[in-house]
Amino acid sequence: MKIRRYFRGSGRVLAFVFIASVVWLLFDMAALRISINDANSQLLKERVVKEREVLRLQATRVTRLMNRGFKHPVERMDLGMSYEGKGPEVAEVYRRREKKRDQQQQGHVQQQHKPASAKPVVSRHNNNNKEAKKQVISHKEQNITSKQRGPPMKTRAPAKKAAHLETKLDVKGNGSIKATLPVVVSNITKAPPGGQEGKRVPLPTSEKKPHKLGDTVRKAIDNKDPKTNERVTDEPKAKTGKHVSPLEAGKTLPVNMFSKPPDKDVKGKVSLTKEDKQVKSEPSAARETLKPTIKPKPQRAAAAAASQVNSTVAGKPGVHKVLSLDVTGAPRDAGAAGQFGQAAIVPSDKEGEVKKRWDEGHFNVFLSDQIPVDRAIPDTRPHMCADSLVHDNLPTTSVIFCFVDEVWSTLLRSVHSVLNRSPPHLLEEIILVDDFSTKDYLMEQLDVYMSKFPKVRIVRLKERQGLIRARLAGAAIAKGEVLTFLDSHIECNVGWLEPLLERVYLDRKKVACPVIEVINDKDMSYVLVDNFQRGIFKWPLVFGWSTLSEQYIEKNNMTVSDPIRCPVMAGGLFSIDKKYFYELGAYDPGLEVWGGENMEISFKIWMCGGEIEIIPCSRVGHIFRGQNPYKFPKDRQKTVERNLARVAEVWLDEYKDLFYGHGYHHLVDKSVIDIGNLTEQIELRKRLKCKSFKWYLDNVYPDMDAPLVKAEGLVFNRGVRKCLSLQKGSLSFETCDLSKQSQHFNYTWMRHIRQQDLCLAPQGKETGLSLEVCDGAKPNLRWFHKASNSALGEHLLSEFVSNHMCLEAGLRGDAVHLNECEHSNAFQKWQFTHYYA
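What counts as what
Residues numbered from 1 in each chain as written. Predicted model: local features only at pLDDT ≥ 70, side-chain atom pairs only at ≥ 80, totals over all residues. Heavy atoms only, no water. Helix = DSSP H or I, 4+ residues; strand = E, 2+ residues; numbered from the N terminus. Buried < 20%, exposed > 50% of the residue type's maximum accessible area, 1.4 Å probe, protein only. Contact = heavy atoms within 4.5 Å. Areas by Shrake-Rupley, 256 points an atom, 1.4 Å probe, with all protein chains shown as cover. Phe/Tyr/Trp six-rings, centres within 6.5 Å; stacked < 30°, edge-to-face > 60°. Patch = residues over 30% accessible without salt bridge, like charges linked within 9 Å, V, L, I, M, F, W, Y side chains within 5 Å. Salt bridge = Lys/Arg side-chain N within 4 Å of Asp/Glu carboxyl O. Pairing = 2+ DSSP bridges. Core = buried A, V, L, I, M, F, W, Y, C linked by side-chain atoms within 4.5 Å. Disulfide = S-S within 2.5 Å. Polar contact = N/O pair within 3.5 Å; in protein donor to acceptor, adjacent residues only side chain to side chain. Expected span 1.5 Å × (residues − 1). pLDDT = per-residue confidence, 0-100.

A word on the overall build of the protein
Looking only at helices and strands, the protein features 21 helices and 29 strands. Classification of the 837 residues of the protein by burial places 53% in the buried group. For the protein, contacts bridging at least 24 residues in sequence account for 75% of all contacts bridging at least 6. Per element, the accessible surface of the protein, about 40400 Å² overall, is 53% carbon and sulfur.

Right, here's the structure in full:
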């Protein structure tokens, strides 16, 4: 009653107002909370977007390749980290030398001025490109680089006629070659005394001191013209006085190693590094030109200069420090996509075109076409490699590229990397073997483009021969003393060639391979790989990479620049003495198209007296693709299987069962696949007095697990608790006794239950058993055992019988027979004494 009194009259109104106020307040608080949540969610969303953008940039800044199974072992290349914790950053295009060393050299150079000569100017790498980051390809940049997307426009330059080879490898059109690149010929000295036949005494390791260039090089940099008393540059002039590019002038090219973005991207004008600007005090020095004093034979002047440089730099006659050359016809565009080996990003509106063109090479063909064909890449060699010594009189080499329908930009980039970064006096020629390509741009347009480079020869096969026979065709016409085989989608790094030739020079039976680094197939970035990698194989003859153990490295006191013994080469990139290559019988001519050739030549080299080494001071980038884009004249899988079977039959001896036992049992039956005549290869092995495959495993690849059988010893039956025995041609059971040879059996890689030359086999369609002479081609001799973790893992299951039939012991233990498999039947469970696989 008291409460009702308060709700009468004006009290009722007050109560209503109070309740409405409370409700309004609740609504207001709810609305405020919603608005706060909206603001927070918007801020959170913006933060997430920013974080994703940062992660995306970081992810593309450094290429991350996963180490899957037998893929190439890739090490992340952090553009901000230092190499091995020492020295300058890897992000810089080329390593800078120490400032103190530079200051000493500059002070020494500025004291010496002599008249101009025809010596080439050798500039040094000066890494001032820390700011260089990944470039997003804008429409503007695509227009700038449009010339590199496809075949070049037809020019009036005379097209070089390619040599055409018939199937029998008859060569036509083999003409002489005139070199226009600078020739650096050094003094030829005799090999040091005391070397063995075919070998030379290796050079002592150079001291790790600041590198000092010879007086000759510095004099050439600081030359003045005697008439005008002006500094001269490395830019040739035509007779009219107009500036022309080195290629147009037809003179020797100056050696320019660009280490920072050039000031201007003008053809024929060479930008100076900071170091050069300090040496050349006059601002106009960059516009002056070099006037050669000797026109008839510029090579002699270059040779004399190189001789003085070698003797000065090395401190002894006959040797010199590795030349880190990087020659270009014009300054590089620092803003170009992929420059300096950095990752590039494809605009979102071009993703469709990337997918559309992916199948052309099974990598980012669209992006590759945007990248300059002579781009710079980081010098990834171990720091001591630049100071290593090599002999002056190294042998010349013919570089052989074999290709079929290769992508235009990658083929050109491969050739340019060899031309730009190889000492010209060592590069005899580049041979391009066209294995019957079908692309129009690889016909006349390639001839026209390569006509600018006299050292490049093109050989065209009349029909598809495959990589192996294409290489043989290139080797047949090569003029160099050393054959260097390269894939057609690579980029050679600075100083790549001399370390390879040095190893061959020291021992003609050494086959030298560069460290194969990775060019990412998606963003075309240049990626470092782990140190101490070597090529190996696993059964059934599958190539892969493996890192040397720490124990092996410590035991042999190895450094990151020491050559690495390599059991099996990758096969795509190596240098070999030409005469030795043919002494070994070259490649097996019975191998077809592609596959197994690296195994064949690796076993042949090691077992017949040679060695294979990976040279860490030689680095070559390679595009590793997910699959092979090339078509095979026959079935791809059958072609590879056939090649591997030939290798196994010729070189593996009794270990060939391990190859067949890893999934290639069907190849044993010669009616299934014809591997060809092996007589010549077997006779070659006898003539070369090659060692056994067991010797190879013991001495070259001792950590390879290669048991000749899967299991051996006594065969124990869990039901009768006795062991199987073979006496007088019949099977029985006896009390287990390791001393009795009649109870010893092998379970082989061919899945045979074998004792000596006899194997256990089902007897027709009955449940009986028989003993037959072992024959790997007969499927009725094969038994499954320990094939899986299934319930029948301990059973001996006949592979020949259609329904599941297992070997079973009699209840009395006096006989064996076949019976339907029962997973719980103890009389069907067998155990060998030792298992190896």
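Let's talk about helix α17 (residues 597-607)
With eleven of eleven residues buried, α17 is to be regarded as a mostly interior element. When α17 is considered as a whole, its buried residues turn out to be Glu 597, Asn 598, Met 599, Glu 600, Ile 601, Ser 602, Phe 603, Lys 604, Ile 605, Trp 606 and Met 607.

Focus on the packing of aromatic side chains
In total, this model carries 21 aromatic pairs according to the counting rule given. Relative to Trp 539, the ring of Phe 537 lies with its centre 5.3 Å away and its plane at 85°, an arrangement referred to as edge-to-face. For the pair Phe 537 and Trp 539, one class covers both residues: buried. Each residue in the set Phe 537, Trp 539, Phe 603, Tyr 655, Phe 693, Tyr 696 and Tyr 701 is aromatic and connected to the rest through ring pairs, giving one cluster.

Let's talk about unusual backbone geometry
Between Trp 539 and the following residue, Pro 540, the backbone shows a cis peptide bond with an omega angle of 5°. Even without being glycine, Leu 541 reaches a positive phi, approximately 60°. Take Leu 541: it is sitting in the loop between β13 (533-538) and β14 (542-547). Overall, the relative accessible area of 5% leaves Leu 541 in the buried class.

Observations regarding a nonpolar patch on the surface
Judged by side-chain polarity, Phe 18, Ile 19, Val 22, Val 23, Leu 25, Leu 26, Phe 27 and Met 29 come together as a nonpolar surface patch covering roughly 830 Å² of accessible area. In this structure Leu 25 comes out as partly exposed when scored by relative accessible area, which is 48%.

Things to note about the pairing of strand β28 (residues 816-820)
Alignment of strand β27 (residues 805-809) against β28, held across five bridges, turns out to be antiparallel. Residue pairing for β28: Glu 808 is matched across the bridge by His 817. In this structure, the hairpin formed by β27 and β28 is closed by a connection of six residues, where Gly 813 is found at a positive phi of approximately 75°.

A word on the pairing of strand β17 (residues 611-623)
Counting buried positions along β17 gives twelve out of 13 residues, so the element sits mostly inside the fold. For strand β10 (residues 490-492) and β17, the ladder comprises three bridges, and the chain directions are antiparallel. Bridging from a neighbouring strand, Cys 492 pairs with Val 620 of β17. Two elements, strand β11 (residues 510-519) and β17, share ten bridges in a ladder whose sense is parallel. From the neighbouring strand, Ile 516 faces β17, where its bridge partner is Val 620. Two elements, strand β15 (residues 564-565) and β17, share two bridges in a ladder whose sense is antiparallel.

A short note on the nonpolar core
In terms of nonpolar packing, the biggest core is built from 124 residues, with Phe 537, Trp 539, Phe 603 and Tyr 696 touching the most fellow members. Excluding anything up to four places from it in sequence, Phe 603 contacts Phe 537, Leu 541, Val 568, Cys 608, Val 647, Trp 651, Leu 652, Phe 693 and Tyr 696. Core analysis: the next-biggest nonpolar cluster, separate from the first, contains 22 residues, Val 720, Phe 745, Tyr 747 and Leu 796 among them.

Considering the side chain of Ser 798
Following the sequence through the fold, Ser 798 ends up in strand β26 (residues 797-798). Judged by relative accessible area, which is 4%, Ser 798 ranks as buried. Setting aside chain neighbours within four positions, we find Ser 798 in contact with Pro 762, Arg 782, Trp 783 and Met 805.

Section: the state of the cysteines
In this structure the tally under the stated criterion is five disulfides. Covalently, Cys 759 is tied to Cys 774 through a disulfide, its sulfur atoms 1.8 Å apart. The sign of the 100° torsion about the S-S bond sets the Cys 759-Cys 774 disulfide as right-handed. With Cys 759 in strand β23 (residues 758-762) and Cys 774 in the loop between β24 (769-773) and β25 (783-784), the pair connects residues that are 15 residues apart, well separated along the chain. A disulfide bridge connects Cys 806 with Cys 821, and the sulfur atoms are separated by 1.9 Å.

Observations regarding the pattern of salt bridges
Counted by the stated rule, this structure contains 31 salt bridges. Between Asp 369 and Arg 357 there is a salt bridge, and its shortest N-O distance comes to 2.8 Å. With Asp 369 in the loop between α10 (365-368) and β5 (389-391) and Arg 357 in helix α9 (residues 351-358), this residue pair connects regions lying twelve residues apart in the sequence. Look at Asp 369 and you get buried, because its relative accessible area is 0%. As a salt-bridge pair, Arg 460 and Asp 434 come within 2.7 Å of each other at their nearest N and O atoms. Separated by 26 residues along the polypeptide, Arg 460 in strand β8 (residues 456-461) and Asp 434 in strand β7 (residues 427-434) bring together distant segments of the chain. Its relative accessible area of 8% is what places Arg 460 among the buried residues. On the basis of relative accessibility, which here comes to 2%, the residue Asp 434 falls in the buried class. In this structure, a network of salt bridges that share partners links the residues Arg 503, Lys 510, Glu 611 and Glu 613.

Points about the side chain of Ser 725
Along the polypeptide, Ser 725 turns up in strand β19 (residues 722-727). Here the side chain of Ser 725 touches Ser 742 through a polar contact of 3.5 Å, side chain to side chain. Not counting the four nearest positions on each side in its chain, Ser 725 is found in contact with Ser 730, Leu 731, Ser 732, Glu 734, Ser 742, Gln 743 and Phe 745.

Some remarks on helix α11 (residues 408-421)
The end-to-end C-alpha separation of α11 is 20 Å, in line with the 20 Å expected for 14 residues at 1.5 Å each. Taken across its 14 residues, α11 has 14 buried, putting it largely inside the fold.

Concerning the environment of His 744
On the secondary structure map, His 744 appears in strand β21 (residues 744-748). Residue classification places His 744 among the partly exposed positions, given a relative accessible area of 24%. Residues contacting His 744, with those up to four places away along its chain left out, are Gly 713, Leu 714, Leu 738 and Gln 755. Side-chain polar atoms of His 744 contact the backbone oxygen of Leu 738, separated by 2.8 Å.

What to know about the environment of Asn 531
Tracing the backbone through its elements, the reader meets Asn 531 in the loop between β12 (526-527) and β13. For the pair Asn 531 and Pro 616, spaced 85 residues apart in sequence, the C-alpha to C-alpha distance is 8.1 Å.

Comments concerning the confidence of the model for the protein
Here the protein averages 75 in pLDDT, while 65% of its residues score no lower than 70. Every residue in residues 58-159 scores below 50 in pLDDT, and together they form 267 contacts with partners more than four places removed in sequence or on other chains. Low confidence marks residues 206-316, where pLDDT is under 50. Its contacts with residues over four positions away, or in another chain, come to 251 contacts.

Comments concerning the environment of Asp 487
As for its position among the elements, Asp 487 is in the loop between β9 (482-486) and β10. The sequence separation of Asp 487 and Ile 400 amounts to 87 residues, and the corresponding C-alpha distance is 8.4 Å. In this structure Asp 487 touches Phe 401, Ser 414, Arg 471, Gly 572, Leu 573 and His 622, once residues within four positions along its chain are discounted. Engagement of the side chain of Asp 487 in a polar contact is seen with the side chain of His 622, the distance being 3.0 Å.

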